[in-house]
Amino acid sequence: MTQIAESLRAQIEAGRYKAGDRLPSERELTEAHSVSRTVVREALALLRVDGLVEARKGSGVYATGPGRAAKPFEDIDTERLSSVIELFELRSAFEIRAAGLAAIRRSADQIDAIERTHEAVARAIEDGVSPREADFAFHEAIALASNNRRFPEFLALIRPGIIPRVELRSGGGPPRPYTPNPDLVTEHAAIANAIIDGDRDAAEARMEAHLEGSLERYRNLWRGGAS
Ligand SMILES: [Zn+2]
């Protein structure tokens, strides 16, 4: 199976099949490689996962070309509200769970880190500085406290997309100001306290409320002028 997948991958990467070119049919591949149809299908599925080919209904499998094999999250446009909202929904799903795990797994050092970053957010606001970086650090400290390193890894992966620009553009329209969350510090305090208390359900509920509030603000912007 991998042999066919590797052979096709090499041919696509070498430009033998360019973007939009149709690959040989399942039957042709089955005969050429003397394997079963299942093996061919599995090989094509592998290539599809890697974004190298796409299936078009009733017409066959087409190369998307090496250039179009976009990596996940690479095509995020932080100036587009639709992209920001998309990512926010995804981020909410795992940050809520991370907060819950942090409540039951956090170490003393990790609690310190959460408190430190929480204070940094409050200080940024007091100083009239954008709290975005500090906000990210707070969320990162919670992800780290989940003691599952995949949470902070994932947060780092999507980081470029989750610190929105100061101004979000509507489709070709004028930039709109991002409305900061007036309850940021209070909401963070509620999350931090639940984690310190070791209350998993409360940590999840408060993280959800915090992120839902932000999401709602973006949705309102979006309604104000589709992007
Ligand atoms: Zn926050």
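Model, not experiment: these values are computed from the prediction.

**Overview of the coordination of the zinc ion**
Part 1 of the reasoning: Distances from the zinc ion to its protein donors, D135 (OD), H139 (NE2), H188 (NE2) and H210 (NE2), fall at 2.1 to 2.2 Å.
Part 2 of the reasoning: For the zinc ion, the donor residues sit on a single chain with the sequence spacing D-x3-H-x48-H-x21-H. Note that H139 is positioned in helix α6 (residues 132-145) and H210 in helix α9 (residues 200-223), a separation of 71 residues in sequence.
Part 3 of the reasoning: Since its relative accessible area comes to 1%, H139 is described here as buried.
Part 4 of the reasoning: Taking the relative accessible area as the measure of exposure, H210 reaches 2% and is therefore buried.

**Thoughts on the packing of aromatic side chains**
Part 1 of the reasoning: With the rule as written, the count across this model stands at three aromatic pairs.
Part 2 of the reasoning: Taking the centre distance of 6.2 Å and the plane angle of 25° together, the rings of F94 and F151 count as stacked. Residue F94 is located in helix α4 (residues 81-105), and its partner F151 is located in helix α7 (residues 150-162); the two are separated by 57 residues in the primary sequence.
Part 3 of the reasoning: For F94, a relative accessible area of 11% puts it in the buried group.
Part 4 of the reasoning: Residue classification places F151 among the buried residues on the basis of a relative accessible area of 13%.
Part 5 of the reasoning: Linked through ring pairs, F94, F151 and F154 together constitute an aromatic cluster.
Part 6 of the reasoning: In this structure, R56 packs its charged tip against the face of Y62, placed 3.8 Å from the ring centre.
Part 7 of the reasoning: Taking the ring centre of F136 as reference, the NZ or CZ of R159 above it sits at 4.2 Å.

What counts, and where the lines are drawn
- Residues numbered from 1 in each chain as written.
- Predicted model: local features only at pLDDT ≥ 70, side-chain atom pairs only at ≥ 80, totals over all residues.
- Heavy atoms only, no water.
- Donors = N, O, S within 2.8 Å, 3.2 Å for Na, K, Ca; no water.
- Helix = DSSP H or I, 4+ residues; strand = E, 2+ residues; numbered from the N terminus.
- Buried < 20%, exposed > 50% of the residue type's maximum accessible area, 1.4 Å probe, protein only.
- Phe/Tyr/Trp six-rings, centres within 6.5 Å; stacked < 30°, edge-to-face > 60°.
- Lys NZ or Arg CZ within 6 Å of the ring centre and 35° of its normal.

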